[in-house]
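# Structural overview
Here's the letter readout for the chains.
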Amino acid sequence: MKSHQEPRSGSSCAACKLLKRRCTPSCQFAPYFRSDEPNKFAKVHKVFGASNVSKILNEVPEEQREDAVNSLVYEADVRLKDPVYGCIGAIASLQKKMIELQDDLILARARLAYYVDHTVSFSDDGGVNMCPMVEAFNVQDCFSFDQFSQFPFP
C-alpha cells in the first residue's frame, strides 16, 4: 500500500487538473489521484462527482481512505462499462458462472462414478476384474469422452 503522504512534485493532482483549479498542499484529492493517472479521477468524477467524493473522503477514517478511493475507482469503472447494472451485474455474472461450473463438476463426478461402477466385471471363478487403466488411474486410455453422450445424464 502506498503512503498517501508522499512528497508531491510541483504539478497539480489529477483532480485539480480536471477541475481546473490550483492544487494546494492541503488538497485532499492529491494523495489518491496522482497527476500521472488522469483517467482515474475522471471516471470517479463522471460517476460520483467531485463534491460527493470529497464528502466520502471526509467521512472515512484516514487509514481507510486509500481503500475507499480504490473502491470508488472500481465502482466507477464498472458503472461506466455497464450503466444499468454496474457492480451488481458483474457479481450476478460471476455467480451465474460459478453455478454453471459447480453443475459441470457434479456432472463430471457422476459420469466418472458411472464409468468406474461399470468397469467392474466378475470372472467365472468369483474374482473381480477391473479395467487395468482404472487401477493405474489413467482413465483416458480406457474410454473416450465421446462415450458420455450415450449416458442418461442431464
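Residues numbered from 1 in each chain as written. Predicted model: local features only at pLDDT ≥ 70, side-chain atom pairs only at ≥ 80, totals over all residues. Heavy atoms only, no water.

- You'll find the protein entered in an unreviewed UniProt entry as LOB domain-containing protein 21, with Abeliophyllum distichum given as the organism.
- What the UniProt record of the protein gives under Sequence similarities (unreviewed entry) is the line "Belongs to the LOB domain-containing protein family." (UniProt positions renumbered as here; feature names shortened; annotations may be inferred.)

## So, the overall build of the protein
- For the protein, the count of helices and strands is six helices and two strands.
- Counting from the amino terminus, the protein carries its helices and strands in the arrangement α-α-α-α-α-β-β-α.
- Taken across its 154 residues, the protein has 24% of its residues classed as buried.
- Excluding contacts between residues fewer than 6 apart, the proportion of contacts in the protein whose partners are at least 24 apart in sequence is 46%.
- Carbon and sulfur atoms make up 55% of the accessible area of the protein, which totals about 11000 Å². (Helix = DSSP H or I, 4+ residues; strand = E, 2+ residues; numbered from the N terminus. Buried < 20%, exposed > 50% of the residue type's maximum accessible area, 1.4 Å probe, protein only. Contact = heavy atoms within 4.5 Å. Areas by Shrake-Rupley, 256 points an atom, 1.4 Å probe, with all protein chains shown as cover.)

## Some thoughts on helix 5 (residues 86-117)
- With 32 residues, helix 5 should cover 46 Å at 1.5 Å per step; its first-to-last C-alpha distance of 47 Å lies within 8% of that length.
- Along helix 5, the positions that sit buried rather than exposed are Gly86, Gly89 and Tyr115. (Expected span 1.5 Å × (residues − 1).)

## Details of the packing of helix 2 (residues 38-48) against helix 4 (residues 65-81)
- Put simply, helix 2 and helix 4 touch, their axes get as near as 8 Å, and they point 70° apart. Comparing their axes, helix 4 and helix 2 come out roughly perpendicular. Mapping the contact onto sequence places Lys40, Lys43, Val44, Lys46, Val47 and Phe48 in helix 2 and Val69, Asn70, Leu72, Val73, Glu75, Ala76, Asp77, Arg79 and Leu80 in helix 4. (Axes fitted to C-alpha atoms, helices over the stretch in contact; angles between N-to-C directions. Parallel < 35°, antiparallel > 145°, perpendicular 65-115°, else oblique.)

## Here we look at the nonpolar core
- Cys13, Cys27, Phe29, Phe33, Phe41, Val44 and Val53 are the most contacted members of the largest nonpolar core, which totals 19 residues.
- Listing elements by their share of this core, those giving two or more residues are helix 1 (14-19), helix 2, helix 3 (50-59) and helix 4.
- No other element matches the four residues that helix 4 contributes to this core. (Core = buried A, V, L, I, M, F, W, Y, C linked by side-chain atoms within 4.5 Å.)

## Looking at the packing of aromatic side chains
- Considering all chains together, one arrives at three aromatic pairs under this definition.
- Ring geometry for Phe33 versus Phe41: centroids 5.0 Å apart, planes at 75°, classification edge-to-face. For the pair shown, Phe33 and Phe41 are each scored as buried.
- One aromatic cluster is present, built from ring pairs that chain together Phe29, Phe33 and Phe41. (Phe/Tyr/Trp six-rings, centres within 6.5 Å; stacked < 30°, edge-to-face > 60°.)

## Section: the side chain of Ser54
- Structurally, the position occupied by Ser54 is in helix 3.
- Classification of Ser54 by relative accessible area gives buried; the value is 17%.
- Apart from residues no more than four positions distant in its own chain, Ser54 is found in contact with Gln28 and Phe29.

## Concerning the packing of helix 4 against helix 5
- Running from N to C, helix 4 and helix 5 point in directions that differ by 85°, and their axes come no closer than 7 Å. Here helix 4 is positioned roughly perpendicular relative to helix 5, judged by the angle of their axes. Of helix 5, the residues touching helix 4 (which contributes Tyr74, Glu75, Val78 and Arg79) are Gly86, Cys87 and Ala90.

## A word on the pattern of salt bridges
- Under the defined criterion, the tally for this structure stands at five salt bridges.
- Residue Arg34 pairs with Glu37 through a salt bridge whose shortest N-O separation is 3.8 Å.
- According to the relative accessible area criterion, Glu37 is partly exposed, its value standing at 26%.
- Here Lys40 ties to Glu37 by a salt bridge, and the two come within 3.6 Å at their closest N and O atoms.
- Members of the salt-bridge network, linked through shared partners, are Arg34, Asp36, Glu37 and Lys40. (Salt bridge = Lys/Arg side-chain N within 4 Å of Asp/Glu carboxyl O.)

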